[in-house]
Amino acid sequence: MTVTNMNYTSLLPEVVILAASVITLLVGSYLPRNRQIFTRWFSLGALIVSAGTAVLVLGQPSTEIFSGTYAIDAPTTVIRIIAPVSAAIVIVLGREEFVGSARESETYALLLLATLGTVVVAGATDLLVLMAGYLLASIPLYALIGLSRTARAAEATLKTYLMGALFGVLLLAGLTLLTGLSGTSSYTGMTGALAHAPAPAVAAGIVGVIIGLLFKAGGVPGHFWVPDAAEASGISVAAFLTTVPKLGALVALARLVMTMPTTIDVPLLVAVLAALSMSVGNLAALAQSNVRRLLGWSTVSQVGYLLMPVAVISLAKGATTALLAYLVFYAITNLTIFAVVACFPGRDTLAHWAGIAKSHPWLTGTIIIGALSLVGTPPTAVFFGKLAVFTAAWDGGQGWLVVVAAANTVLSLVYYLRLFVSPFQRPNAGAPEISRSTVPRTARATALALGATTLLLGLVTAAFGAIGSL
Amino acid sequence: MLSIVIFLPLVVGIVLAVTRRLPPAVAHWVWLGTTLVDLLLIALITAPRPSGTALLGEQQLVWMPGIGSSYHVGIDGLSLPLLLLTGVIFVVCALWSLRVTDRPRAQAALFLFLQSTCMGVFSAQDLILFFVFFDLSIVGMYFVIAGWGHGDARRSALKFFLYTFLGSLALLLGFIGLYLGASPHTFDMVQLSRNGSFTGTSLAAGSILAAIVVGLAIKTPTVPFHSWLPPAHTDAPTIGSVVLAAVLLKMGTYGFVRIAIPMLPGAWRDYAWVIVVIGIVSVLYGALVAMAQTDVKKMIAFTSINHMGYVILAVGAAGIVGRTTEQAQQLAITGAVTQMVSHGLVTGALFLLAGVFYDRTGSYDLRDYGGLARPAPRFAGFFAIASFASLGLPGFSGFIAEFQIFTGSIGTTWWTFLALPGILITAALLLRAFQRVFTGSTENLSIRFRDLDRRETVPLVILMGLSVAIGVIPGPLLAIIQPAAQILVTGLTP
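Everything numeric here is computed off the predicted structure, so don't read it as measured data.

K.L.:
Can you explain the overall build of chain B? Please cite residues and give values.
P.N.:
Each helix and strand counted, chain B has 18 helices and two strands in total. Viewed in the frame of its principal axes, chain B has a C-alpha envelope of about 65 × 55 × 40 Å. Long-range pairs, those at least 24 residues apart, make up 82% of the contacts in chain B with a sequence separation of at least 6. If the 27 positive side-chain charges of chain B are averaged to one point and the 20 negative ones to another, these points end up 6 Å apart.

K.L.:
For the confidence of the model for chain B, give the residues involved together with the corresponding values.
P.N.:
For chain B, the average pLDDT comes to 90, and 99% of its residues sit at 70 or higher. Our summary of model confidence lists the complex with pTM equal to 0.90 and ipTM equal to 0.84.

K.L.:
Explain helix α3 (residues 79–96) of chain B to me, using residue names and the numbers behind them.
P.N.:
Think of an α-helix as 3.6 residues a turn; residues three or four steps apart then line up on the same face. Here α3 of chain B contains 18 residues, and its C-alpha end-to-end distance of 26 Å stays within 8% of the 26 Å for a straight helix at 1.5 Å per residue. Counting buried residues in α3 of chain B gives 17 out of 18 residues, a clear majority hidden from the surface.

K.L.:
Tell me about the pairing of strand β2 (residues 69–75) of chain B, and name the residues and values.
P.N.:
Consecutive side chains along a regular strand alternate between the two faces of the sheet. All names here are of chain B. In terms of residue burial, β2 counts as a mostly covered element, since seven of its seven residues are buried. The side-chain alternation of β2 yields two buried faces, one formed by Ser 69, Tyr 71, Val 73 and Ile 75 and the other by Ser 70, His 72 and Gly 74. Note that strand β1 (residues 56–64) and β2 share six bridges and pair antiparallel. Within β2, the residue paired with Met 64 across the bridge is Ser 69. Adjacent in sequence and paired antiparallel, β1 and β2 are bridged by four residues, among which Gly 68 carries a positive phi angle near 65°.

K.L.:
Please give an account of the interface of chain A and chain B that cites residues and values.
P.N.:
The interface is formed by 32 residues belonging to chain A together with 30 residues belonging to chain B. For the pairing of chain A and chain B, the buried interface totals around 2,700 Å² over both sides, and the portion due to carbon and sulfur atoms is 84%. When residues of chain A are sorted by the area they lose upon contact with chain B, Leu 387, Trp 394 and Val 410 of chain A head the list and together hold 19% of the total. At the junction of chain A with chain B, the criterion picks out zero salt bridges. Scanning the region where chain A abuts chain B turns up zero residue pairs in polar contact (both at pLDDT 80 or more). For the side of chain A that touches chain B, the secondary structure elements donating two or more residues are α17 (361–375), α18 (381–395), α19 (399–421) and α21 (461–469) of chain A. With 10 residues, the single largest contributor to the side of chain A that touches chain B is α19 of chain A. Its residues assigned to classes, the side of chain A that touches chain B shows 24 nonpolar, six polar and two charged.

K.L.:
Explain the layout of surface pockets residue by residue, including any values.
P.N.:
Residues and elements named next belong to chain B. Counted as a void, the second largest pocket has a volume near 560 Å³. What lines the second largest pocket is a set of 21 residues, among which Asp 76, Val 190, Ser 193, Arg 258 and Ile 487 lie closest to the centre. Of all elements in the fold, only α7 (189–192), α10 (238–263) and α18 (475–492) reach the threshold of two or more residues within the lining of the second largest pocket. At five residues, the largest contribution of residues to the lining of the second largest pocket is made by α18. Across the lining of the second largest pocket, the residue classes break down as 11 nonpolar, seven polar and three charged.

K.L.:
Tell me about a nonpolar patch on the surface, and name the residues and values.
P.N.:
Residues and elements named next belong to chain B. Taken together, Ile 410, Trp 414, Phe 417, Leu 418 and Leu 420 make up a surface patch of nonpolar side chains, about 490 Å² in accessible area. Along the chain, Leu 418 falls in the loop between α15 (397–412) and α16 (421–438). By relative accessible area, which is 42% here, Leu 418 ends up partly exposed.

K.L.:
Break down the pattern of salt bridges for me, with residues and values.
P.N.:
Residues and elements named next belong to chain A. Counted under the stated rule, the structure contains 15 salt bridges over all chains. Close ionic contact of Arg 80 with Glu 14 constitutes a salt bridge, the shortest N to O distance being 2.9 Å. Taken together, the residues Arg 80 in helix α3 (residues 74–93) and Glu 14 in helix α1 (residues 12–30) connect sequence positions 66 residues apart. Judged by its relative accessible area of 1%, Arg 80 is buried. Across the salt bridge formed by Arg 293 and Glu 231, the nearest N and O atoms sit 2.8 Å from each other. You can see Arg 293 sitting in helix α14 (residues 291–311) and its partner Glu 231 sitting in helix α10 (residues 225–232), a full 62 residues away along the chain. Classification of Glu 231 by relative accessible area gives buried; the value is 15%. Several salt bridges share partner residues, and in doing so they unite Arg 152, Lys 159, Asp 228, Glu 231 and Arg 293 into one network.

K.L.:
Would you mind going over empty space enclosed by the protein in detail, with residue names and values included?
P.N.:
Residue and element names in this part refer to chain B. Inspection of every chain in the model, using the stated rule, returns four cavities of 30 Å³ or more. As a volume, the largest cavity reaches approximately 50 Å³. Forming the boundary of the largest cavity are His 307, Gln 339, Ser 342, His 343, Val 346, Thr 347, Ala 389, Ser 390, Gly 398 and Glu 402. Every element with two or more residues in the lining of the largest cavity is listed here: α13 (326–361), α14 (377–390) and α15. Here the residues of the lining of the largest cavity sort into two nonpolar, seven polar and one charged.

K.L.:
Explain α18 of chain B to me, and be specific about the residues and the numbers.
P.N.:
Residues and elements named next belong to chain B. Compared with an ideal rise of 1.5 Å per residue, which puts 18 residues at 26 Å, α18 spans 25 Å between its outermost C-alpha atoms and is within 8% of the ideal. Of all the bends in α18, the greatest, near 30°, is centred on Ile 481, and the proline Pro 483 appears no more than four residues after it. Taken residue by residue, α18 has Leu 477, Leu 478, Ile 480, Ile 481, Ala 484, Ala 485, Leu 488, Val 489 and Leu 492 as its buried positions.

K.L.:
Now, about the packing of α3 of chain A against helix α12 (residues 244–259) of chain A: what can you tell me, with residues and values included?
P.N.:
Residue and element names in this part refer to chain A. Taken N-terminus to C-terminus, the directions of α3 and α12 make an angle of 170°; their axes are 9 Å apart at the nearest point. On the basis of the axis angle, α3 is roughly antiparallel to α12. The crossing of α3 and α12 is left-handed. Here Pro 75, Thr 76, Ile 79, Ile 82, Ala 83, Ser 86 and Ala 87 of α3 come into contact with α12, specifically with Val 244, Leu 247, Val 251 and Arg 255. Residue composition of the contact of α3 with α12, by class: eight nonpolar, two polar and one charged.

K.L.:
Which residues make up the nonpolar core, and what values do they have?
P.N.:
Judged by nonpolar contacts, the single largest core of 354 residues is most densely connected at Met 308 and Leu 419 of chain A together with Leu 178 of chain B. Those residues within four positions of Leu 178 of chain B in sequence are excluded, and the remaining contacts are Leu 127, Leu 192, Phe 198, Ile 208, Ile 212, Ile 259, Met 263 and Leu 264 of chain B.

Calculation notes
Residues numbered from 1 in each chain as written. Chains lettered and ligands numbered in written order. Predicted model: local features only at pLDDT ≥ 70, side-chain atom pairs only at ≥ 80, totals over all residues. Heavy atoms only, no water. Helix = DSSP H or I, 4+ residues; strand = E, 2+ residues; numbered from the N terminus. Contact = heavy atoms within 4.5 Å. Lys, Arg positive; Asp, Glu negative; His and termini not counted. Charge placed at Lys NZ, Arg CZ, Asp CG, Glu CD. pLDDT = per-residue confidence, 0-100. Expected span 1.5 Å × (residues − 1). Buried < 20%, exposed > 50% of the residue type's maximum accessible area, 1.4 Å probe, protein only. Pairing = 2+ DSSP bridges. Buried area = accessible area lost by both parts, 1.4 Å probe. Salt bridge = Lys/Arg side-chain N within 4 Å of Asp/Glu carboxyl O. Polar contact = N/O pair within 3.5 Å; in protein donor to acceptor, adjacent residues only side chain to side chain. Nonpolar A, V, L, I, M, F, W, Y, C, P; charged D, E, K, R; others polar. 1 Å grid on protein atoms, 1.4 Å probe; cavity = no way out; pocket = protein on both sides within 12 Å on 5 of 7 lines; lining within 4 Å. Points joined across faces, edges and corners; volume = space filled by probe spheres on them. Patch = residues over 30% accessible without salt bridge, like charges linked within 9 Å, V, L, I, M, F, W, Y side chains within 5 Å. Areas by Shrake-Rupley, 256 points an atom, 1.4 Å probe, with all protein chains shown as cover. Bend = angle between axes of the 7 residues up to and from the residue. Axes fitted to C-alpha atoms, helices over the stretch in contact; angles between N-to-C directions. Parallel < 35°, antiparallel > 145°, perpendicular 65-115°, else oblique. Left-handed = near helix turned anticlockwise from the far one by under 90°. Core = buried A, V, L, I, M, F, W, Y, C linked by side-chain atoms within 4.5 Å.

Encoded structure:
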């Protein structure tokens, strides 16, 4: 297994993003303000090329390269495609927010680096590579949150930074323990080595690593930064940090759970964290009136559902497919909702959404589709993810978790309903009239396109079949 | 062909929804035309009667092969009566709304969407497909109540949505259980209904049945899951109430005969007495509470709980298998399906009549009226006919249904006679309400009450005419249901 496979070309998708971020940063420093838009098109192109090169390895057998430290398999491929695509959507969405801003090219470079970090976290099959990817994915986030330079953004940045530091240390401690106990940092052979190690020590190590990664995923107990950051940062940045970092972190968690020996009940630990995440996220979201804060808590609860297949990843046959399908469907849906939010930049609370139904019927339709998808109503995308996830969890012997998740779904309906009831409410007298022309055109087009995708994705056999056949 | 029946209303609905500045009259007539064409298509497909096992208009397309789910639709003797009922009810709704002025285009689009989901539920032969349509019908009805309702419509709509959504999730859990319990794993209803396809333990079967029964009981609704129904009915617009009572409630009872009984026959036999008890309690509770109502819509809503109780009673009794009970079981199932159709027609008519009260005066309160027969004789006549039909007088469909239900149920378990007083109480309360409103001296809001016009008369004639037709010549309908009931009972025999 430890044959040194130094196949550099198979890292092409990662290399493209890395090169693009460096070039963006350098070129951006020399370009005058009115030419910075060049970096926008360049980053978009690079992300698309990266996703395109990832498609090239489709159908080839799974391999591990660089002495078993990096896996090129179905999960990596899915993240290599969906993460850059999500980042590209964020850049398109951020036309009003980024273009002409004081730090335009730097923003793109940071987005590219964070995306690269997510991909590396997803592909890592070695604890040290995981740590490198983790740092690469985290540090740009702090800067991105602080970009809007308001007092609240500063607070959110600080909070995220402190939480990130704390959980990063936990992760580091955990992986030090695991490496020390097993004598290797590579996942290959770790299972066997850990099976004979003292169980309490292994448990401490795995708890540290899992909780550390949950910071990246935005799940309980590493969730505190999510609502603040979602509320205080720019809308497009919020869309990015509630979508992309999760993608890598959850795949990494799945790989770790798969590696752990059966001497410790890791599935139960993850299942409990899943139940906590969904319950805490949903309960907290109930009380929110700020749209982005509500969506921030909603993503915390979604991590709960996403952890369900992670818990049973080595117990149920369809768990990997379920996880990847849910990740893709969730990413598209979450971006849809944020795209709609980006159409109404000034309307921060749900009360401000009153009357939108009359002036913007199409966008209202998109909100309805997005909210119903997050609830998990058929035939929207996330329903099919939820179905797969529930089935996998039950199949893996966590029936109680499925019941908790179902109860949570009903709970979540209460606040998701408010998302699409508000537009139908009568606006208060004196509220600003928002005509069609004041809605950013790019955001509107993006929202409508994403809404249609959310609706159709679940219905298209190919979407499900393709992920299943990887 | 069947897919056209399902999706034609949806497509027309989308077209209506996106065509702005359409004259209201055009929207009305397009709506009516679509519902008529849809009804005609069902009649065409099912012109060769469903024989025993083969499905009519069957169609199966690859959808999600990875998880054993396909787009599979087809009609048999259990679904055909309900599909026809759905078709008729939506024609009636379109007729009733010909002169509606409140956002007619959007309303037509929404009801066409709702029609698609209802047609889909009753023709689905795959659990996921069933669930998709089932859930979408909830979403559609939510918008009907929230958008066109009156009174505290938002709150009622939310309660309706939350409650029935909870039910649908319980149902989904049950479906996942069925999927995992079958080997090979599949969501196909035809395969799951084959004898012995469920391979799990009896404990697993029991808990899956519990999840499914809770899900269906909320939708039906039965005591103790009924509390969403009265507010939803009271605050829904007239045709919303009609669709809710006539079609959406049937999805619950249909689920019992389509999913619960054939897929988990063993567990159904074990727990049939629980179902029977729930049925009896629903019958008596619904009737007694209906008696205490002064709001005409609430009263009809509670008689709905009472009428659905008969269906639950019958499907429960059909699960109590004895040595010589086969014929009684079949009778109970046939009666249950007949009751679904009958209740749809009769309660649909009653809710239309209740809507007339609101249209004229804005009040549903029975105490506000008196001596109404004098200013509105036609209205009084229809109310009398509908009341008689609802209490199960011979000559109406309700009699055929309830007669079979009781004969069948008492034939399997003697103590189901405990539900008989339900009929008496319903009769008493409907007659009392009729007396209160229509006889005596003309007073209060009854003064200058406008009688039914032609637009209102035609739908009522259709509904009551069909009820009488089934009551007088039940043969054709029973001939459709009986073969399917026989298959169902055969599957129940251990």
